[in-house]
Every structure is written in C-alpha cells, then in structure tokens.
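# Breakdown of the fold
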Amino acid sequence: MEFIPYGRQFISGADIQSVVDVLQSDCLTQGPLVDKFEENLASYVKAEYAVMVANATAALHLSCLALGVSEGDIVWTSPNSFVASSNCALYCGAEVDFVDIDPDTYNMSVEQLEQKLKLAKVKGRLPKIVIPVHFAGQSCDMVAIKALSDQYSFKIIEDASHAIGAKYSDEPVGCCKYSDIAIFSFHPVKIITTGEGGAAITNDEEIAIKIADLRTHGITRDKSRLTDQSQGAWYYEQQSLGFNYRITDIQCALGLSQLSRIDSFLEQRSKLASCYNMRLSNSSYKKPTIDNDCKSSWHLYPLQLKSADRKYVFEKLREANIGVNVHYIPIHLQPYYTKLGFKAGDFPIAESYYDKVISLPLQPQMTEEHIDYVCDQLNKCVNEMSMAV
Ligand SMILES: *Cc1c(COP(=O)(O)O)cnc(C)c1O
C-alpha cells in the first residue's frame, strides 16, 4: 500500500488551470481574484464580509487586534488545538488562559467555561475574548457560549480552521450568528486549500475594514476615510501599524476553484467517516461523538485508544504506511507555555485525551478500500497486543 497521509490536498486539472491562468495574467497579487474569493466565501458561509489573508494564524492575530486586544487583556481558548489559537493573543501582548475540553466532543467545555467565568468575575480577571475551536470539524456549542458572552461581556472569535463546510443548528459554521469573527485556514491538510491562506469572516463592517487595513501595513486608499486631504490619485495613508499579511491572486485562484468543489470533498469525508464508524463498531476504542445539532466537516477522525496502546499502535500503523497523527499535544504543555507558568494537571481532560488519541487518515482522495486497510491493520495491532499480555 502506498503511504496514506492523515490529511492531503486534492488538486484537479481545473485547479491547476486556474493557477496557470493567473500566472499568464497581469496581476499575481492584489488583483481581482482576492475580491472574488472573498465574495464567494462570504456567500458560501452566509456572512457579510470575508477578508482573505496569508494564513489562519494571521487571521487570528488581526482578529484579536481588530477587537482591541492589547497588554493587560486576557484571552481564553481550548488547550486541544494548534498553538496558533493561543499565540495570536500573545502577539498582542495579552495573557492567555485555557478552558478544559468536553470528554466527548473534545471541544471547549461549556460547563467548565461557565465555572471559570464565575471565578474570574469574583477575581476581576474576566477574559476580553474567548476563542472556541471547532475541533476536527465539529462546531462548539455556540448558543451556550454566546449566552455566556452576553452575560460576561467577552467577544468571540471562532477558530473554524477545521470546520469550513460544517453546519451548526442548520447554519453554516462561519456565518457569525453567535460570534464577532470566525476564521478559516486553507493550509493543504484542511478542507480546501490555497497552499497557505486564511480568512476572517464577520458581519461587522468596521471589523472587516480594520482587518483589511491591518493586512496591508495599516494603509488605506479609501477617500472617504482619509484623515488628511488627498494630494492626488497616488495618495494613500498609513493610519495604524499593520503588517504584510496579504494573500496572492495565484493562491485565490486555487481557492476559488477548490471552493467550487467543496461539497464533493465534504461528502467524501463524511462517507469515509461513516465507513470508519461501521468498521470499528465492535471496537472497544472510543469513536468520535457528533452532537445532534452539528454536521461535522470531518477534518479529522480522532480515535481514543488506551494510553498504554497508543505509542505501539502509532508506530505499527506508520510501519504499515498509514500516516496516523496525533491532535493535539495540549498547548499549555508546550515548553514555551510551561515557562509562562502552565503545568501538567492544569487541564486534565485535554491531557488524558491527548494520552490516548490517534488521528486516522481522512482525506477526500481516500476510498473505502483504504479504510478497510487501515482498520485491518489496526485490528492486527490490537490482536498482537492482546497476545503479548
Ligand atoms: C491549521 C490551524 C491553524 C493555523 O492555520 P494556518 O493557516 O496554518 O496559519 C489554527 N488553528 C487551528 C485549529 C488549526 O488547525
């Protein structure tokens, strides 16, 4: 069997042609395709504004800045995520803290969030922003999180890096009905790709303008927003300290072409996940739990083994050319974060989940035969382990 990566882009001839067309055009960057992708993406997730940026980490950083995060502020997120979910707050000089996860969905636990908010209120240490992460493609309980945000006055940035195409309560994840901003990633392992790329989605025009300005040095050319008088057609003003977080037309051409195929990707992912569920139905391992009001985009298929088995299974499956992976090492246990004062035991559910979990390969180019192969190899490992005892 050829190597089966846990996640991989699916590039078609049409995708390639769309990129070639841009290369033969006048605008490699800051041309019409960035606007077009923004338009199509906003419409796909049923939101007002999409701002394309260089990657999702940049989208998180600019989202924090647009919501006014700075030194002295506190930002909370999930420990079961990629480090970008919390690094974005540190970039702004804010302090980070985490909310432990739900043992079934592996998303931020609403009960833990509520308890932690009660305590934080007493101590006068409420967060300015909470960043729920829609782990593996399943939305967090946004109605409950939004209710808490109204009660405790924090803003919400959804880290929807895994979840474009997912649904929550019959609406697209990213519609921002329950949040201020949602961000997507278009890294090649995610649902659709631009190579590197990300987006910030919002229904608030002011936030969209802020993020768009910050993505290009804090510069505006919009005549209605100039603070001084225009000196001519060449004139622009830098009004804040931004970055070069732009995305190219080359990337957006790929993104547009990928977005037009997203439904087939999602369908295949969902089919493969059902296939895993069926093949593993007799297994004692814990399969993903999907809440009734959620439709997952199935970015990942996390399977919880026994912690004593995880390393052996991981190594055996890798030997069998199966690109299993582990999502995630809890962020607070990274050396950079333990230096900030976090330690083992701080978020026990995320930690014990991490000890057991393995991500089985899941990407739209896989077939049911691949799933059979992965499950056969997994069962073989389990038999070997039981014989060894
Ligand atoms: C991939 C990912 C990111 C970062 O995305 P980039 O586009 O690589 O910057 C952030 N958060 C989560 C949960 C991710 O999976």
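Here the structure is shown first, and the text comes after it.
Here is a short report on the structure shown in this document. (Residues numbered from 1 in each chain as written. Predicted model: local features only at pLDDT ≥ 70, side-chain atom pairs only at ≥ 80, totals over all residues. Heavy atoms only, no water.)

## Details of the site of the ligand
The following threshold applies: We call a residue near a molecule or strand when any one of its heavy atoms sits within 4 Å of it. Two N or O atoms form a polar contact when they lie within 3.5 Å of each other; inside protein one atom must be a possible hydrogen donor and the other a possible acceptor, and for residues adjacent in sequence the pair counts only when both atoms belong to side chains. Accessible areas in this description were obtained via Shrake-Rupley with a 1.4 Å probe; residue shielding takes into account the shown protein chains only. Under the DSSP-based scheme used, a helix requires at least four consecutive residues in state H or I and a strand at least two consecutive residues in state E, with every element numbered from the N terminus. Gly counts as polar in this scheme, as do all residues outside two lists: the nonpolar Ala, Val, Leu, Ile, Met, Phe, Trp, Tyr, Cys and Pro, and the charged Asp, Glu, Lys and Arg.
Lining the immediate surroundings of the ligand are 15 residues, of which Thr57, Asp159, His162, Ser185 and Lys190 lie closest. At a separation of 2.5 Å, an oxygen atom of the ligand approaches a polar side-chain atom of threonine 57. Aspartate 159 places a side-chain nitrogen or oxygen 2.8 Å from a nitrogen atom of the ligand. Protein contact buries 93% of the 380 Å² of open area that the ligand shows by itself. Among the elements of the structure, α3 (56–66) and α4 (84–91) are those that each provide at least two residues to the shell around the ligand. A class-by-class count of the residues in the shell around the ligand yields five nonpolar, eight polar and two charged.

## Considerations on helix α1 (residues 13–23)
The test is simple: Under the scheme applied here, a residue whose accessible area is under 20% of the maximum for its type counts as buried, over 50% as exposed, and between as partly exposed, the area being computed with a 1.4 Å probe on protein chains only. Note that the arc is defined by the directions from the helix axis to the C-beta atoms. By the convention used here, residues are in contact when the closest approach between their heavy atoms is within 4.5 Å.
Buried residues of α1: Asp15, Ser18, Val19 and Val22, and no others. Here the buried residues of α1 occupy an arc of 95° about the axis, which is enough to place them on one side. Those residues of α1 that are exposed and aimed more than 90 degrees away from the buried face are Gly13 and Ala14. Contacts from the buried residues of α1 go to α2 (32–44) and α8 (249–259).

## Re the sheet that holds strand β13 (residues 294–295)
Worth spelling out the cut-off: Two strands qualify as a pair provided DSSP detects at least 2 bridges between them.
Reading across the sheet, the three strands line up as β8-β7-β13 and stay open at both edges, with antiparallel pairing between neighbours. The open sheet terminates on both sides in strands that have one partner only, identified here as β8 (171–172) and β13. In this structure, strand β7 (residues 167–168) lies alongside β8, joined through two bridges in antiparallel fashion. Pairing of tyrosine 168 across the sheet is with glutamate 171, part of β8.

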